[in-house]
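# Remarks on the overall topology
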Amino acid sequence: MRDDDLRLVLYSHDRGGQGHARRNLALAGALARQLPVLTGRRATGVLLTGADVAASRTWPEGFDQVVLPGAGQDADGCAPAEPAVSAARVRSEMVDAVLTDVRPHLVVVDGRPWGPDRELLEPLLRLRAGSPGTIVVLGLPEVLGEPWAAAREWVAPEDLGLLQEAYDQIWVYGDPAVHDPLSTGEIPAALAGLVRCTGYLAAGGHVRRRTAGGDAPHVLTLAGTGPEGYQLALTAARTRVPHGHRHVLVTGPQMPEEHAAQVRAAAAPGTLVLPVLPDALAEVAAAAAVVSSGGYSPVAEILGTDAPALVVPQAGSGPEQLIRARALQGHGALDVLTADSLTGAAIGGWLHRVVGTVRPRGHLALDGLRVAPALAACLLPGPDPEDSAELVLAGLSA
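Report follows, based on the coordinates. (Residues numbered from 1 in each chain as written. Predicted model: local features only at pLDDT ≥ 70, side-chain atom pairs only at ≥ 80, totals over all residues. Heavy atoms only, no water.)

## A few points about the sheet that holds strand β5 (residues 135-141)
- With parallel pairing, the seven strands of this open sheet are ordered in space as β3-β2-β1-β4-β5-β6-β7. Each end of this open sheet is capped by a strand with a single partner; those strands are β3 (63-67) and β7 (195-197). Here the strands of the sheet are splayed against their neighbours by 20 degrees on average, with no regard to which way each runs.
- By the bridge criterion, five bridges tie strand β1 (residues 6-12) to strand β4 (residues 106-110) in an arrangement that is parallel. Across the sheet, residue Leu 8 finds its bridge partner in β4, namely Leu 106.
- Sitting on the sheet, helix α2 (residues 87-102) touches β1, β2 (43-49), β3 and β4, and the angle it makes with β1 is about 170 degrees. (Pairing = 2+ DSSP bridges. Helix = DSSP H or I, 4+ residues; strand = E, 2+ residues; numbered from the N terminus. Axes fitted to C-alpha atoms, helices over the stretch in contact; angles between N-to-C directions. Contact = heavy atoms within 4.5 Å.)

Below is the structure:
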């Protein structure tokens, strides 16, 4: 890093899969591309993650990765058992060390303001005391779940004062016309002054040439994690897709090999089963149709395209995925198949109906990967603050 670089740290805990890291990876790429234009300073930094995503083809130039131990899921989709050495203590010390070493101008925390087991609380408060000029932002998906569940996880009344002390802004990565977590109470009204809605982190990502399955027309399944991801993968693998199309099915890197082997054994002819895609956006953008779990990252990637999409929400982690899917279905953005109706016939019938069609989504706010860097530029120092502010405002209104 050069002395005049903008130094960034993007943190994601990744206890339930790679979704948080993928969201921050997309955001880091947008910040790396746009902050130099908006501020006149190169953006570099660290992705501080609980999931290794360094193999992605979309890795942003100038960024390193530090992987925290003890995250992920076991074969049942649950958080792993606590190891002999406290993972929470080790992770908190690693976070503190990275923040101390990097001395960031901007920190973006994804999902939980204090991380699991409050591992971020002390490091963030120390950062605030030692580097009061650092900008700290909380980035949230547009759906947190029912208000009582959200309160139990991170907005207990005694935390509000600490949160207002530790954070400068809260970025909500969604369209409030689709789902507004302030009006539902998922974000308490006391924090409304910190909230900025960016739009979905969908449009504006760098789309490369696809790498899986050659150039033949294809349909795509993104199965998700845990037991429900396994059931979706197994059901989709057996499905006969429309004639002339290959089927690319992604199990995810956390599916146990025993389950992945069963999915491969069940796969119909013409189905390519992969553990991971180096660039999921490229495959989504080129797909004739997409079947997916309802996590934020795959849904956001879908929304940035005009591919028809069938979302199968996972209920195991709470109501978030179903709320998201139903809200977007109500705005004509996708179709929904609930887990109790999941069959190969249902998936196959949907694929045969929609292949050859498109699903326009331009009526949604999808430009979060442009708005978030502009919000960051408004908060960060540039070579000429007045010129920088003019560029930012022009970017937001363009």
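## Structural notes on the nonpolar core
- Leu 8, Leu 10, Leu 35, Trp 171, Leu 220, Leu 303 and Leu 328 are the most contacted members of the largest nonpolar core, which totals 61 residues.
- Of all the elements, helix α1 (residues 19-39) adds the most residues to this core, at nine residues.
- The contact partners of Leu 303, leaving out residues within four places of it in the chain, are Tyr 200, Ala 202, Leu 328, Ala 333, Arg 361, Leu 364 and Leu 366.
- Of all hydrophobic cores here, the second largest spans 30 residues; its members include Leu 99, Trp 114, Val 136 and Leu 160. (Core = buried A, V, L, I, M, F, W, Y, C linked by side-chain atoms within 4.5 Å. Buried < 20%, exposed > 50% of the residue type's maximum accessible area, 1.4 Å probe, protein only.)

## Some points on the packing of α1 against helix α12 (residues 368-379)
- Axis separation between α1 and α12 bottoms out at 9 Å; the angle between their running directions is 55 degrees. When the interaxial angle is binned, α1 and α12 end up oblique. Where α1 crosses over α12, the handedness of that crossing is right-handed. Contacts between α1 and α12 involve Ala 26, Leu 27, Ala 30, Leu 31, Gln 34, Leu 35, Leu 38 and Thr 39 on the former and, on the latter, Leu 369, Arg 370, Ala 372, Pro 373, Ala 374, Ala 376 and Ala 377. (Parallel < 35°, antiparallel > 145°, perpendicular 65-115°, else oblique. Left-handed = near helix turned anticlockwise from the far one by under 90°.)

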